[in-house]
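# Secondary and tertiary structure notes
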Amino acid sequence: MKLMRQCGGWLGQFLVACILFFIIVVHGQTLVTRLLQARTLSCMALSSYWKSILNFFGNNDYYLYVWGCILCIQVPFWSVGGMFMFMDYFNWPKWTRKYKIQPGINEPIDLNKLIETVKVVLINQWAIANPLLLVSYLLKKMTNTMPGIYELPTLERFLIEMTVLFIVDEIALYYVHRIMHHPKLYARVHKKHHEWHAPIAISVVYTTKIENLMITAGTALGPFLMNPHLVTLYVWYTLVHLRGLKNHCGYHFPWLPTPEDHDYHHMMSNACFGRTLALDWLHGTDKGYHAYRARKKALHEQNSAELVNNKSE
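Below is a summary of the structure that appears in this document.

Conventions used here
- Residues numbered from 1 in each chain as written.
- Predicted model: local features only at pLDDT ≥ 70, side-chain atom pairs only at ≥ 80, totals over all residues.
- Heavy atoms only, no water.
- Phe/Tyr/Trp six-rings, centres within 6.5 Å; stacked < 30°, edge-to-face > 60°.
- Helix = DSSP H or I, 4+ residues; strand = E, 2+ residues; numbered from the N terminus.
- Buried < 20%, exposed > 50% of the residue type's maximum accessible area, 1.4 Å probe, protein only.
- Lys NZ or Arg CZ within 6 Å of the ring centre and 35° of its normal.
- Core = buried A, V, L, I, M, F, W, Y, C linked by side-chain atoms within 4.5 Å.
- Contact = heavy atoms within 4.5 Å.
- Salt bridge = Lys/Arg side-chain N within 4 Å of Asp/Glu carboxyl O.

Another point: the packing of aromatic side chains. Overall, the coordinates contain 23 aromatic pairs when judged by the stated rule. Taking the centre distance of 5.0 Å and the plane angle of 85 degrees together, the rings of Tyr 89 and Phe 90 count as edge-to-face. Judged by centre distance (6.1 Å) and plane angle (90 degrees), the ring pair of Tyr 174 and Phe 273 falls under edge-to-face. Within this pair, whereas Tyr 174 is found in helix 4 (residues 155–180), its partner Phe 273 is found in the loop between helix 8 (260–268) and helix 9 (278–283), the two being separated by 99 residues in sequence. There is no split in this pair, since Tyr 174 and Phe 273 are both buried. Directly above the ring of Tyr 251 sits Lys 100, whose terminal nitrogen or CZ lies 5.0 Å from the centroid. One Lys or Arg, Lys 113, reaches over the ring of Trp 196 and ends 4.1 Å from the middle of that ring.

This is the structure we're talking about:
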């Protein structure tokens, strides 16, 4: 019976592959033409939208570079971070509770601790991160290395730049993070961030000033090396901060990549140093996390089995 099911599955996959192949052979040229037309139309629409942004800023590279990047950081950060603060403080909506990674902790969140976190985050953003954007702008003007502004990058250039930025950021963050966990640095540099054993979204920037400077430098290393187009920079800073909020939110929503590895890092402090687990796998700093996941899964299965047995009795 099992063999028949497997054969049936293989047959179904084979039929789907044949149908797709037939569509590509018969309608391939039409599909390619339609895709190219869609790409041309989307490029025209994006170019028009970008020109309206340029006009809004008066084609002023200072406002476009400095305040454009600040807006791409602040707006998504406080919009999404504010939503999670609301959820954590009011424990609402109720259906989100089942997705908490550490249920029962910070439910509800302590208001004084939340206010202190907001203060630290604002200081780090407006006294360190945002002024560094101004410094970066001035250096680029002095060295005549301002990125492209007036013409949108091609899709190929955008994808290449984003790929390099993510790779450089992953490498920089992993090793900077491990350095901060060195006994001689941890207490003075990184311990503050770990006051949140069960992190909340905005605690991603709840750090000492030294740590914030180190993390910001790591995030800016890719743009420094690549000097990407300004649009790429906007998207990059937006995605980096949204990813940081997701990694610290304390919720595992099934439609998003799990932040459970970083939650485990806040619980144990000796594993899962990267934004992804790529370099943790390479250095073996993910083994404790995978053992934890295995224990958690086994406990869940045991509880489910006991629940079924109790219902059947």
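Still to come is the rest of the account.
Formed by 22 residues in total, the largest nonpolar core has its most connected members in Trp 50, Leu 64, Leu 230, Tyr 234 and Tyr 237. With residues up to four places along the chain from it excluded, the contact list for Tyr 234 reads Trp 50, Leu 64, Tyr 65, Gly 68, Cys 69 and Cys 72. Among the nonpolar cores identified, the runner-up in size contains 19 residues, and Phe 84, Val 120, Trp 196 and Leu 245 belong to it.

Applying the stated criterion across every chain, the model contains seven salt bridges. Residue Asp 61 is joined to Lys 141 by a salt bridge in which the shortest nitrogen-to-oxygen separation is 2.8 Å. Taken together, the residues Asp 61 in helix 2 (residues 61–90) and Lys 141 in helix 3 (residues 111–143) connect sequence positions 80 residues apart. A salt bridge links Glu 161 to Arg 157; the shortest N-O distance between them is 2.7 Å. Remark: Arg 157 and Glu 161 occur in helix 4; sequence separation between them is four residues, near one turn of the helix. On the accessibility criterion, Glu 161 (5% relative accessible area) is buried. Connected via shared salt-bridge partners are Asp 169, Arg 243 and Arg 275.

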